Every structure is written in C-alpha cells, then in structure tokens.
Amino acid sequence: MNEIITIDGPSASGKTSVAKLVAQRLGIPYISSGLLYRAVALMCLLENASAEEIEHRLEKHRLELRPTPTQNLVFLDGHEVSEALHNLEVDQIVSAVAVRPAIREYVNQVLRKIPPPFVVDGRDMGSTVFPQARYKFYLTANPEVRAMRRVPERGAAFETVLAEIIRRDEADKKQSAPARDAVILDTSHLDLDGVVRVVLEHITAGISQESA
C-alpha cells in the first residue's frame, strides 16, 4: 500500500487516536500535522512574539517531524520539543498561529516532504494539503463529549476545557471544513475501536474495488 490517508476533524474529535490505530493496523507511519502548528506556537512563547511577528521569522527556524512506530517526534532547530507541545499555553495560541497564511504554507511544505504511505491527521489535510489522497475521513463529535475526552490530558476543569474547545471551534472554522469527498463520521456515540473499524472497512472496500 502506497497511499495517503487523511483523518481530519475539530479539536478532541478523536482523530489522533484513530489515525494512530489505523496506521498501526495497516503497518504504515502516522503523521500528526497539528504538532507542527503547536511547534510554531511554541516558537511564539519562546520568543515572546505574536503569531503575526513569528510569521516573518519562520525562515530562521528549522522544523522537522520524525515519525516512529509509536509516536511523532518534533524537532525545533535540532532540539526535540515534543513534550512541550501539549499544554494550555500552547492550546490558547495555536489557533491564532494556524490562521496565518504564511505559517500554514510553511507547515504544509514540511508535511509534503514526507514520503507516503502514511496516515495523517489534522483539520484540512484532505481538503487542502493532500487533495490527491485516495482515502479521506472527517471525524466530529459534540463539544461536551470532546471536552470530557480532553480533561484527563489537560488536568483542567471540565468547564475550562469545554470553553476552550468551543473557542477553538469558532477560531478554526475556516480550516476545519471537511473535504467534499471525505467520509464523515460522528464519533459522539462510538468508542475508539468502533471508529477504527469503520475507517478500516472503508479502506478495505476501496482496495478491493481497485483490485477487482
């Protein structure tokens, strides 16, 4: 299999967990595009700069994502920063980073250098970054369900996480529209294994059609 599989969706829709398991079951790498936007957000924090200011400093930085069988390692200027990308400070500014056109193109260039096959998750992977992808999925769920999923990761109160998710949904609305040819799955009442099973069934059906 030499395909690109895109799994998009809003914050905490389950796309990362699903993408990891789908990649594992298929025996191909998993790529998290969101980590690269978080790395640019980290640049803002480290330099005490706004998203607009950092947009004009991108070329002085070297950003790289290295997939491993179990995780994505992100390197900023030669230093691994993976663990620093998941906190509320980064959460609060990553949307402002992700709407900047030059930053989006910068991240897209990093992603497009990665050779397939792989499963990639994000917000516009199927619609914008990899429109040629054969298999595209868009996961969604209601905000309350997504907040419950994220609380253990953030160590914050449910109301705080829910408010942040609602804010992110509004800020990311433009980037989060599904590709026209994506399979849309509401994960509100599905467990992880159930979503993975549906995704794999679609891929298997597509492979069968191609080989028929």
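Before going further, it helps to spend a moment on the sheet that holds strand β3 (residues 63-67). Hydrogen bonds along the backbone pair up the strands of a sheet, which may run parallel or antiparallel. Taken together, 3 strands build an open sheet; the order of strands is β3-β4-β5 and the sheet is antiparallel. The open sheet terminates on both sides in strands that have one partner only, identified here as β3 and β5 (79-80). Across 5 bridges, the pairing between β3 and strand β4 (residues 72-76) is antiparallel. Of the residues in β4, the one forming a bridge with Pro67 is Asn72.

A separate point is the packing of helix α2 (residues 34-47) against helix α5 (residues 101-112). Helices that pack against each other are described as a pair by the angle of their axes relative to one another and the distance between those axes. α5 packs onto α2 with a crossing angle of 130 degrees between their chain directions and a minimal axis gap of 10 Å. Classified by the interaxial angle, the pair formed by α2 and α5 is oblique. Handedness of the crossing formed by α2 with α5: right-handed. Residues Leu36, Tyr37, Val40 and Met43 of α2 touch α5, and the partners they reach there are Ile103, Arg104, Tyr106, Val107, Asn108, Val110 and Leu111.

Okay, the layout of surface pockets next. Quantified by volume, the largest pocket comes out at close to 990 Å³. Together, 44 residues line the largest pocket, and Thr16, Ser32, His86, Asp121 and Arg150 are the ones closest to its centre. The dominant element in the lining of the largest pocket, judged by the number of residues it contributes, is helix α1 (residues 15-26), at 5 residues. Per-class residue counts for the lining of the largest pocket are 13 nonpolar, 16 polar and 15 charged.

Turning next to the sheet that holds strand β2 (residues 30-32). Taken in spatial order, the 5 strands make up an open sheet running β2-β6-β1-β7-β8, and their pairing is parallel. Of all strands in the sheet, those with a lone pairing partner are β2 and β8 (183-186), marking the two edges. Looking at each pair of strands side by side, their axes are set apart by 20 degrees on average, direction ignored. Against the sheet, α1 engages β1 (4-8), β2, β6 (118-122) and β7 (135-140), with an angle of about 180 degrees to β6.

Mapped onto the secondary structure, Asp121 falls in strand β6. Here the side chain of Asp121 touches Tyr30 through a polar contact of 3.4 Å, side chain to side chain. Other than its neighbours up to four places away in sequence, Asp121 contacts Ile7, Lys15, Thr16, Ala19, Tyr30, Ile31, Ser32, Ser33 and Gly34.

Scanning the entire structure with this criterion turns up 1 cavity of 30 Å³ or more. Reported here for the largest cavity is a volume of approximately 60 Å³. Around the largest cavity sit Ser11, Leu88, Asp91, Arg150, Arg154, Val161, Glu164, Ile165 and Arg168, which together line it. Elements supplying a minimum of two residues to the lining of the largest cavity: α4 (88-98), α7 (143-154) and α8 (158-171). Ranked by residues supplied to the lining of the largest cavity, first place goes to α8 with 4 residues. Here the residues of the lining of the largest cavity sort into 3 nonpolar, 1 polar and 5 charged.

The rules behind the values
Residues numbered from 1 in each chain as written. Predicted model: local features only at pLDDT ≥ 70, side-chain atom pairs only at ≥ 80, totals over all residues. Heavy atoms only, no water. Pairing = 2+ DSSP bridges. Helix = DSSP H or I, 4+ residues; strand = E, 2+ residues; numbered from the N terminus. Axes fitted to C-alpha atoms, helices over the stretch in contact; angles between N-to-C directions. Parallel < 35°, antiparallel > 145°, perpendicular 65-115°, else oblique. Left-handed = near helix turned anticlockwise from the far one by under 90°. Contact = heavy atoms within 4.5 Å. 1 Å grid on protein atoms, 1.4 Å probe; cavity = no way out; pocket = protein on both sides within 12 Å on 5 of 7 lines; lining within 4 Å. Points joined across faces, edges and corners; volume = space filled by probe spheres on them. Nonpolar A, V, L, I, M, F, W, Y, C, P; charged D, E, K, R; others polar. Polar contact = N/O pair within 3.5 Å; in protein donor to acceptor, adjacent residues only side chain to side chain.

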